[in-house]
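Results of the structural survey
Residues per chain are reported as follows:
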Amino acid sequence: MSLRIYNTLTRSVEPFVPIEPGHVRMYVCGMTIYDLCHMGHARMMMAFDVVYRWLLASGYRVTYVRNITDIEDKIIRRAVERGITIRALTDEMIAAMRQDLGAIGAAQPTHEPRATEYVPQMLSMIGTLEDKGLAYRATNGDVNYAVRRFAGYGKLSGKSIDELRAGERVAVQEGKDDPLDFVLWKAAKPEEPEDAKYDGAYGPGRPGWHIECSAMSCALLGERFDIHGGGMDLQFPHHENEIAQSEGAFGHPFVNYWLHNGFLNVDNEKMSKSLGNFFTIRDVLQRYDGESLRFFMLRTHYRSPFNFSDANLDDARTALRRLYTALDGVAVPAENRAIDWAQPQAAAFRAAMDEDFNTPGALAVLFELASELNRTRSTDTAALLRALAGTLGVLQQVPKAYLQGGAGLDAAAIQALIDARAAAKQAKNFAEADRIRKELAAQGIELKDSPQGTSWVRT
């Protein structure tokens, strides 16, 4: 069985065939970097981190581009509010983003271009669109894309221009010939800071959001590439507009496979600051470790709605601990072994992942292996469990270190209480021994007695 991917463009699951054999080129729309990453961003970044890792595990060479939008209205407003330069704000937020994504185990992409580094390429593409009659200069100084002049507009969203137009409830903005037209180049306003203005053939200004991704993807991956991903909310208008720009400029298909991850809800409601259910990644990491958060997100298929709640996160953390507990005490090599994909559980894992990155199905195989490991304590089973989990970015810590990790008493203090409990039992002071066990339990420490002695884990 070979990899099959759900393609939003065709609305079907299709066999994946890269343009260049053995090499996958993938672009994912990244962050508009004016604030800390929230859980919706984590959901999207994780979805495509899984795609990236599985492509690598499948033997492909992958060129993975995830952009950073570092010039945009919200960024400008936030920098002005804080009294700092745009560059100072975006550098700060990029560093925070990388720290947060690192905490949940998201791998760095091959390229992470900043939009401000590709303004010349954007201006060049705008010029090509203007030469082809697909862009026009507006009376307010902007340059806009003329949507009705591109015959394929609406094919990603599955709607005709007239259907999209019927959904509009706003007046035509200044300088636009049609409400669906979108800005390619924004003319600078006198009140805007100087570091928000770029020189070009159209006068001082800055690029529109949509043109950024068309230009950066072309510069780093070519005029046509394999996979373009992002959140479901980007399907229209952002990705629809990217298609119009790139195919309008180059005259041939832009992307072969379009992938979109499902929305994130909080306790079955849309995450929103107004509802008081808005969480940054850092908010969540104050209460849960990064691997538990990653494992939590793996339990939902990337295209399905993702429901965030403390109860679901607690359940995921408990499930992850079950896997680490199975591995605890079984010697496995520090480096993962090469996976024998003919082995039955490995084949089942691969079949799940090859069916549109079915992580819930893949995790079910890991729990089957954990059950077998609990019975057999087999080194080979443990090695396979760890290696398969590694393709998803989990179970790579030393089991004991994970199970004993977290806030609260340090290891020395815990061991001192264990020793005191052992001394109490030796003196037949069972009431004191029981009191120490309860004291540790109240602080999230579970003791495990065996003929070899007493060990502990955090609950």
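The paragraphs below set out a description of the structure included in this document. All residue numbers refer to position in the chain's written sequence, counted from 1. Selection of residues for local features in this predicted model requires a pLDDT of at least 70, selection of side-chain atom pairs for listing and counting requires 80 or more, and totals for whole chains, interfaces and linings are taken over all residues. Side-chain measures here rest on the full set of heavy atoms in the structure, leaving out hydrogens and waters.

Let's talk about the sheet that holds strand β13 (residues 306-308)
Consider a sheet: its strands pair through backbone hydrogen bonds, and that pairing is either parallel or antiparallel. At least two DSSP bridges between two strands are required for those strands to pair. Helix and strand definitions follow DSSP, with helices as H or I runs of at least four residues and strands as E runs of at least two, each counted in order from the N terminus. If you trace the three strands from one edge of the open sheet to the other, you get β12-β11-β13, paired in mixed fashion. Among the strands making up the open sheet, the edge pair consists of β12 (269-270) and β13. Across two bridges, the pairing between strand β11 (residues 264-266) and β12 is antiparallel. Residue valine 266 lies in a different strand from β12, and its bridge partner there is glutamate 269.

Comments concerning the packing of aromatic side chains
Planes of paired rings set the category: under 30 degrees apart is stacked, over 60 is edge-to-face and the rest tilted, where pairs are Phe, Tyr or Trp rings (Trp by its six-membered ring) whose centres lie within 6.5 Å. Inspection of the entire model under this criterion finds 16 aromatic pairs. Ring centres 6.4 Å apart and planes at 50° place the aromatic pair tyrosine 27 and phenylalanine 225 in the tilted group. With tyrosine 27 in strand β3 (residues 23-32) and phenylalanine 225 in strand β9 (residues 225-231), this residue pair connects regions lying 198 residues apart in the sequence. For arginine 303, the ring lying beneath its charged end belongs to tyrosine 6, and the centroid distance is 4.2 Å. Each ring is checked for a lysine NZ or an arginine CZ that lies within 6 Å of its centre and within 35 degrees of its normal; such an atom marks a charge sitting over the ring.

Observations concerning unusual backbone geometry
Residue phenylalanine 236 is joined to proline 237 through a cis peptide bond whose omega torsion reads 10°. Within the fold, proline 237 resides in helix α7 (residues 235-250). With phi around 60°, aspartate 356 is a residue other than glycine that occupies positive phi space. The topology assignment puts aspartate 356 in the loop between α11 (344-354) and α12 (359-376). The buried label applies to any residue whose accessible area, calculated with a 1.4 Å probe on protein chains only, is under 20% of its type's maximum; exposed applies above 50%, and partly exposed to all values in between. The buried category is assigned to aspartate 356, whose relative accessible area is 2%.

Concerning the pattern of salt bridges
Any carboxyl oxygen of Asp or Glu within 4 Å of a side-chain nitrogen of Lys or Arg constitutes a salt bridge here. Inspection of the entire model under this criterion finds 32 salt bridges. Aspartate 73 is the salt-bridge partner of lysine 186, the closest N and O atoms lying 3.0 Å from each other. Here aspartate 73 lies in helix α2 (residues 73-82) and lysine 186 lies in strand β7 (residues 182-187), a separation of 113 residues in the sequence. The salt bridge partner of aspartate 310 is arginine 287, with a shortest N-O separation of 3.0 Å. With a gap of 23 residues between them, aspartate 310 in helix α10 (residues 310-327) and arginine 287 in the loop between α8 (281-285) and α9 (290-298) connect regions that are remote in the sequence. Residues joined by salt bridges that share partners form a network here, namely Asp70, Arg87, Asp91 and Arg114.

A few points about the pairing of strand β15 (residues 453-458)
Here strand β14 (residues 445-450) pairs with β15 via six bridges, running antiparallel. The partner of aspartate 449 across the bridge, within β15, is threonine 454. The turn linking β14 back onto β15 is made up of two residues.

Regarding the sheet that holds strand β4 (residues 61-69)
The strand order β4-β3-β9-β10 describes an open sheet built from four strands, whose pairing is parallel. Edge positions in the sheet fall to β4 and β10 (255-261), since each has one partner strand and no second. Across the sheet, the mean angle from the axis of one strand to that of its neighbour is 20°, orientation sign disregarded. Note on contacts: a residue pair is in contact if any heavy atoms of the two residues lie within 4.5 Å. Every angle, taken between N-to-C directions, lies between 0 and 180 degrees, and every axis is a line fitted to C-alpha atoms, over only the stretch in contact when it is a helix. This element, helix α1 (residues 39-57), spans β3, β4, β9 and β10 of the sheet and lies at about 165° to β3.

So, the environment of histidine 301
Within the secondary structure, histidine 301 is located in the loop between α9 and β13. Counting along the chain gives 236 residues from histidine 301 to valine 65, while the straight-line C-alpha distance between them is 22 Å. If we skip the residues at most four places from it in the chain, histidine 301 touches Arg43, Asp356, Phe357, Asn358, Thr359 and Pro360.

Notes on the state of the cysteines
Note that a disulfide, as used here, is simply two cysteine sulfur atoms within 2.5 Å. Counting across every chain of the model gives zero disulfides. Cysteine cysteine 213 remains unbridged, with the sulfur of cysteine 29 as its closest cysteine sulfur at 3.8 Å. Looking at the unpaired cysteine 218, the closest cysteine sulfur is the one in cysteine 213, lying at 13 Å.

Section: the layout of surface pockets
Buried and open spaces are told apart on a 1 Å grid over the protein atoms alone, a cavity being a set of points where a 1.4 Å probe fits but cannot get out and a pocket being an open set with protein on both sides within 12 Å along at least five of seven lines. Residues with an atom within 4 Å of a point are the lining residues. Grid points are joined across faces, edges and corners, and a volume is the space filled by probe spheres set on the points. A volume near 1,100 Å³ is recorded for the largest pocket. Considering the residues around the largest pocket, the lining is formed by 33 residues, among which His38, His41, Lys74, Asp233 and Leu234 are closest to the centre. At the level of secondary structure, the elements contributing two or more residues to the lining of the largest pocket comprise β3, α1, β4, α6 (209-221) and β11. Among the residues making up the lining of the largest pocket, the classes are represented as 13 nonpolar, 13 polar and seven charged. Following the grouping adopted for this structure description, the nonpolar residues are Ala, Val, Leu, Ile, Met, Phe, Trp, Tyr, Cys and Pro, the charged ones are Asp, Glu, Lys and Arg, and the polar ones are all others, Gly among them.

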